[in-house]
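Survey of secondary and tertiary structure
Chain residues, written in single-letter form:
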Amino acid sequence: MRLFYAIELDESTRSAIDRARKPLMERAQAGKWTMPANYHLTLQFLGECAPDRLSVLYDILCRTAALQQPFWLTFQKWG
């Protein structure tokens, strides 16, 4: 399974991204667009991982995330 660590975005951020992408969607000839409910900020892509590694990765994430201080993100432009 393909795994990654990510930050879930709040509804107002997802809505703002959705509004900003509308002009891009109108100009695109084809493509598959992500649903706003699936928007997130990927912190680390882990790639293909065996399902039996999931519990180990989850334990590591819980231990390391607990050490992090809360922080704010500000989105200013596409990049």
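First, a word on what this report is: a plain description of the structure on this page. Keep in mind that what you see is a predicted model, and the values were worked out from it rather than measured. (Residues numbered from 1 in each chain as written. Predicted model: local features only at pLDDT ≥ 70, side-chain atom pairs only at ≥ 80, totals over all residues. Heavy atoms only, no water.)

Quick word on the pattern of salt bridges
How we decide: Between Lys or Arg on one side and Asp or Glu on the other, a salt bridge is scored when a side-chain nitrogen of the former is within 4 Å of a carboxyl oxygen of the latter. Helix and strand definitions here come from DSSP, where helices need a minimum of 4 consecutive H or I residues and strands a minimum of 2 consecutive E residues; each element is numbered from the N-terminal end. With a 1.4 Å probe rolled over the protein chains alone, any residue whose accessible area is under 20% of its type maximum counts as buried; one over 50% counts as exposed, and the rest are partly exposed.
The tally for this structure, following the rule as stated, stands at three salt bridges. Notably, a salt bridge pairs Asp 18 with Arg 21, separated by 2.8 Å at the nearest N-O pair. Highlighted residues: Asp 18 and Arg 21, both in helix H1 (residues 11–27), separated by three residues, approximately one helical turn. Residue Asp 18 is classed as buried on the basis of its relative accessible area, which comes to 15%. For the salt bridge of Lys 22 with Asp 18, the shortest nitrogen-to-oxygen distance reads 3.4 Å. With Lys 22 and Asp 18 both in helix H1 and four residues apart, this pair spans about one turn of that helix. Counted as one network, the salt bridges with shared partners bring together Asp 18, Arg 21 and Lys 22.

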